[in-house]
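Chain and residue survey
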Amino acid sequence: MKGLSAILLLVLSNIFMTFAWYGHLKLQETGVSRHWPLIAVILFSWGIALFEYMCQVPANRIGFLDNGGPFSLIQLKILQEVISLIVFTVIVTLCFKGETFHWNHIAAFLCLVAAVYFVFR
């Protein structure tokens, strides 16, 4: 159960992270933040990133072996990276027009799946 909780928190964390890192570009695209000064964009992103950390830190604490979780630090990091790229791809494909998914992206994801496989062996 701790493993599933950690993974779900990592997914939520990465949703917040993607919006913190790239959401301001969507706001700019729609005209909402087109004239915001850079410091306002940074503070806006930091506000979202706070929620990312509120999920990321507990995910790592819950999932870490030394805290009774099922994952080593390396396993947690590989999981986080794969989740991050999956979440990023889904959000960008749905929210940003002009971003398309190609065969080489699928090949890269297969390599990531292989990385997960090998890190858990």
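A few points on the structure. (Residues numbered from 1 in each chain as written. Predicted model: local features only at pLDDT ≥ 70, side-chain atom pairs only at ≥ 80, totals over all residues. Heavy atoms only, no water.)

**Some remarks on the overall build of the chain**
In terms of regular secondary structure, the chain is built from 4 helices and 0 strands. For the chain, long-range pairs separated by at least 24 residues make up 72% of all intrachain contacts whose partners lie at least 6 apart in sequence. Here the chain has roughly 8,000 Å² of accessible surface; of this, 74% comes from carbon and sulfur atoms. Charged side chains in the chain number 7 positive and 5 negative. The centres of these two groups are separated by 4 Å. (Helix = DSSP H or I, 4+ residues; strand = E, 2+ residues; numbered from the N terminus. Contact = heavy atoms within 4.5 Å. Areas by Shrake-Rupley, 256 points an atom, 1.4 Å probe, with all protein chains shown as cover. Lys, Arg positive; Asp, Glu negative; His and termini not counted. Charge placed at Lys NZ, Arg CZ, Asp CG, Glu CD.)

**Observations regarding the packing of aromatic side chains**
Applying the stated rule across the entire model yields 6 aromatic pairs. Ring geometry for Phe71 and Phe120: centres 5.9 Å apart, planes at 80 degrees, overall edge-to-face. Taken as a pair, Phe71 in the loop between helix H2 (38-63) and helix H3 (73-95) and Phe120 in the segment after helix H4 (103-119) lie far apart in primary sequence, 49 residues in all. Ring geometry for Tyr117 versus Phe118: centroids 5.2 Å apart, planes at 70 degrees, classification edge-to-face. Residue classification places Tyr117 among the partly exposed residues on the basis of a relative accessible area of 48%. Grouped by ring-pair contacts, the aromatic residues Trp21, Tyr22 and Phe88 constitute a single cluster. Positioned above the aromatic ring of Phe96, the side-chain terminus of Lys26 is 5.8 Å from the ring centre. (Phe/Tyr/Trp six-rings, centres within 6.5 Å; stacked < 30°, edge-to-face > 60°. Buried < 20%, exposed > 50% of the residue type's maximum accessible area, 1.4 Å probe, protein only. Lys NZ or Arg CZ within 6 Å of the ring centre and 35° of its normal.)

**Things to note about the packing of H3 against H4**
Packing of H3 against H4 leaves a shortest axis separation of 10 Å and a crossing angle of 160 degrees. Taken together, the axis directions place H3 and H4 in an arrangement best described as roughly antiparallel. Considering only the axes of H3 and H4, their crossing is left-handed. Seen from H3, the contacting residues are Ile74, Gln75, Ile78, Val82, Leu85, Ile86 and Thr89; seen from H4, they are Phe109, Leu112, Ala115, Val116 and Val119. Tallied by class, the residues present in the contact of H3 with H4 amount to 10 nonpolar, 2 polar and no charged. (Axes fitted to C-alpha atoms, helices over the stretch in contact; angles between N-to-C directions. Parallel < 35°, antiparallel > 145°, perpendicular 65-115°, else oblique. Left-handed = near helix turned anticlockwise from the far one by under 90°. Nonpolar A, V, L, I, M, F, W, Y, C, P; charged D, E, K, R; others polar.)

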